[in-house]
Amino acid sequence: MSGIFDLSLKVQAKHIDGLGHVNNVVYVQWMQDVASAHIEKLGLGLKQYVELKHAMVAVEHQVQYRKAAFEGDEIILRTWLNDINALYSFRQYAFYRPQDQTLLFNGSTQWACIEMATGRPKRMSPTFTQAYQPLSEHVNPFDFSTLHLD
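Residues numbered from 1 in each chain as written. Predicted model: local features only at pLDDT ≥ 70, side-chain atom pairs only at ≥ 80, totals over all residues. Heavy atoms only, no water.

Time to look at the pattern of salt bridges. Throughout the structure, instances matching the rule amount to 3 salt bridges. We note a salt bridge from R97 to D100, for which the minimum N-O separation is 2.9 Å. For R97, a relative accessible area of 8% translates into the label buried. For D100, a relative accessible area of 39% translates into the label partly exposed. What emerges from the salt-bridge pattern is a single network uniting D73, R97 and D100. (Salt bridge = Lys/Arg side-chain N within 4 Å of Asp/Glu carboxyl O. Buried < 20%, exposed > 50% of the residue type's maximum accessible area, 1.4 Å probe, protein only.)

Here's what the structure looks like:
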């Protein structure tokens, strides 16, 4: 596995704001959606979180809107992990429009491991640290010539 996860979507009317392009909060929702799909593929979805009694929660987002997306656009939502330690994982995102080879958005999220019953920080279990492997520094996640779709 490359460590890169891609999700393809088509921009819908519900994603569009009063200015005629994808609303900025939709990009944050897409960050959540692609991260959730990625962890499901890694075998650590909500069901496993409940069984393990700890979960990853977002503590900080950084976003950069580069170009507008419009209704009907086909978009690739890309994510990968770039770092991990005992309490935190650091996830990156790049959203790309293949039609004109445009990077629309990039961002990052710092995720913290918490005990679900208390909401307190918890060291990640080996199940988490084995699944959450950072992308190799030899892989360019902004190279969209190869897609990593299911």
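Don't stop here, the text continues.
For the rest of this paragraph, the subject is unusual backbone geometry. Even without a glycine there, the phi angle at K53 is positive, about 65°. Note on placement: K53 falls in the loop between α2 (46–52) and β2 (54–65). Of note, Q101 is a non-glycine position whose phi angle comes to about 55°, a positive value. Within the secondary structure, Q101 sits in the loop between β4 (88–97) and β5 (102–115). (Helix = DSSP H or I, 4+ residues; strand = E, 2+ residues; numbered from the N terminus.)

This part covers the packing of aromatic side chains. Tallied over the entire structure, the rule returns 13 aromatic pairs. Ring centres 6.3 Å apart and planes at 15° place the aromatic pair Y27 and F95 in the stacked group. Here Y27, found in helix α1 (residues 24–41), pairs with F95, found in strand β4; they are 68 residues apart in sequence, far enough to count as distant. Just as Y27 is buried, F95 falls in that class too. Considering the side-chain rings of Y27 and F105, the 5.1 Å spacing of their centres and the 15° angle between planes classify their relative orientation as stacked. A residue pair is termed long-range when its members are at least 10 positions apart, and Y27 in helix α1 and F105 in strand β5 qualify at 78 residues. When its relative accessible area of 0% is taken as the criterion, F105 is described as buried. Three or more aromatic residues link up through ring pairs in this structure, and these residues are Y27, W30, Y65, Y93, F95 and F105. The ring of F144 has R78 sitting right over it, with the charged end atom 4.1 Å from the ring centre. (Phe/Tyr/Trp six-rings, centres within 6.5 Å; stacked < 30°, edge-to-face > 60°. Lys NZ or Arg CZ within 6 Å of the ring centre and 35° of its normal.)

A few words now on a nonpolar patch on the surface. Side chains of L46, V50 and M116 sit close together on the surface and give an oily, nonpolar patch of about 280 Å² of accessible area. Of note, M116 is situated in the loop between β5 and α3 (126–131). (Patch = residues over 30% accessible without salt bridge, like charges linked within 9 Å, V, L, I, M, F, W, Y side chains within 5 Å. Areas by Shrake-Rupley, 256 points an atom, 1.4 Å probe, with all protein chains shown as cover.)

Another point: the environment of I16. On the secondary structure map, I16 appears in the loop between β1 (5–10) and α1. Taking the C-alpha atoms as reference points, I16 and L87, 71 residues apart in sequence, are found 36 Å from one another. Apart from residues lying up to four places away in sequence, I16 is in contact with V11, H21, V22, A69, F70 and E71. (Contact = heavy atoms within 4.5 Å.)

Strand order in the open sheet formed by 5 strands is β1-β3-β4-β5-β2, with antiparallel pairing between adjacent strands. In this open sheet, the two edge strands, each paired with only one partner strand, are β1 and β2. Recorded for the sheet is a direction-independent mean angle of 25° between the axes of neighbouring strands. Note that β1 and strand β3 (residues 74–84) share 6 bridges and pair antiparallel. Looking across to β3, one finds that K10 is bridged to E74. Against the sheet, α1 contacts β1, β2, β3, β4 and β5, and its axis sits at roughly 115° relative to β4. (Pairing = 2+ DSSP bridges. Axes fitted to C-alpha atoms, helices over the stretch in contact; angles between N-to-C directions.)

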